[in-house]
Amino acid sequence: MRIVMLGAPGAGKGTQAKRIAEIYGIPQISTGDIFRAHLKQGTELGRQVKRYLDSGELAPDALTCEIVADRLGENDCANGYILDGFPRSLPQAQALDRLLEGRGESLDVALDIQVADEQIVERLSARRFCPVCGAVFNLKFSPPPPDGHRCGGVGPVVQLEQRSDDNEETVRNRLRVYHEITEPIVTYYREKGILREVPAAGLDPNEVFERIEEVLGEVGASRGA
Ligand code: AMP
């Protein structure tokens, strides 16, 4: 299964992509996670993308596509993958098509997780993550255990952190960038006949996942494949 996750920042792409990855046995490839890992490690790539992540603007297409091409070349991508946060512009979507064509592959489905803008700002301001294991929580919608988060449920309580780009000003810019630059690819995939809409407003992550499973069942995904 080759899946693209679409949706505004904070729509729940990452949370859902992780669950799909676990259940269907394919890797989740998040360009945002890759960039953040480079930032944390202080690599040259991290230095190059820092200002984009800080402001909520998109990193350059060529750079982003190169990273995805490298990642798709790894062995675990042989049987499929979920692209989470990529493509994010028409040039990226077209570059992905060329890359897949060269590999003799095509996408099976583009899932568009739909949440209204007003909910996004509310959701992102309540998002927290564990700096040790990367688990993501939402203080309102999927809070950590009342006695604190322990990685894998064991060990010491870890203090959760907030992503630096989840502040209101940057979130509003990320939403603007989403509508101007990313949203046109919804039409691109609709015209290709692989777009499936997943209305997620007011649903909790489990309910959204149930809808995703229905869609994946319809497009022929099998668990653990
Ligand atoms: P995310 O974790 O998907 O919200 O991405 C965080 C930030 O990483 C974005 O606001 C962009 O600055 C950058 N980024 C992630 N994916 C892409 C992409 N496909 N193209 C350009 N920039 C990206």
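Please read all numbers here as calculations on a predicted model, not as lab measurements.

Q: Teacher, can you tell me more about helix 6 (residues 117–125) here?
A: Residue pairs spaced three or four apart in an α-helix point in one direction, given the helix's 3.6 residues per turn. Looking only at helix 6, the buried set comprises Ile120, Val121, Arg123 and Leu124. Buried residues of helix 6 fall within an arc of 165° about the axis and therefore sit on the same side. Packing partners of the buried residues in helix 6 comprise strand 5 (127–129), strand 6 (136–138) and helix 7 (168–182).

Q: Explanation requested: the packing of helix 5 (residues 90–103) against helix 8 (residues 184–192) in the structure shown.
A: Pairs of packed helices are described in terms of their axes, by the angle between the two and the distance that separates them. For the pair helix 5 and helix 8, interaxial distance at closest approach is 9 Å and the crossing angle is 35°. Contacts between helix 5 and helix 8 involve Leu90, Ala93, Gln94, Leu96 and Asp97 from the former and Pro184, Ile185, Tyr188, Tyr189 and Lys192 from the latter. Looking at the contact of helix 5 with helix 8, its residues break down into seven nonpolar, one polar and two charged.

Q: Sorry if this is basic, but what is going on with the site of the ligand here?
A: Surrounding the ligand, one finds 17 residues, the nearest of these being Thr31, Arg36, Glu57, Gly85 and Gln92. Within the contact set of the ligand, a nitrogen atom lies 2.8 Å away from a side-chain nitrogen or oxygen of Thr31. Note that a nitrogen atom of the ligand is positioned 2.9 Å from one of the side-chain N or O atoms of Gln92. Protein contact buries 96% of the 480 Å² of open area that the ligand shows by itself. Listed by contribution, the elements that provide at least two residues to the shell around the ligand are helix 2 (31–41) and helix 3 (44–55).

About the thresholds
- Residues numbered from 1 in each chain as written.
- Predicted model: local features only at pLDDT ≥ 70, side-chain atom pairs only at ≥ 80, totals over all residues.
- Heavy atoms only, no water.
- Buried < 20%, exposed > 50% of the residue type's maximum accessible area, 1.4 Å probe, protein only.
- Helix = DSSP H or I, 4+ residues; strand = E, 2+ residues; numbered from the N terminus.
- Arc of directions from axis to C-beta.
- Contact = heavy atoms within 4.5 Å.
- Axes fitted to C-alpha atoms, helices over the stretch in contact; angles between N-to-C directions.
- Nonpolar A, V, L, I, M, F, W, Y, C, P; charged D, E, K, R; others polar.
- Near = heavy atom within 4 Å.
- Polar contact = N/O pair within 3.5 Å; in protein donor to acceptor, adjacent residues only side chain to side chain.
- Areas by Shrake-Rupley, 256 points an atom, 1.4 Å probe, with all protein chains shown as cover.

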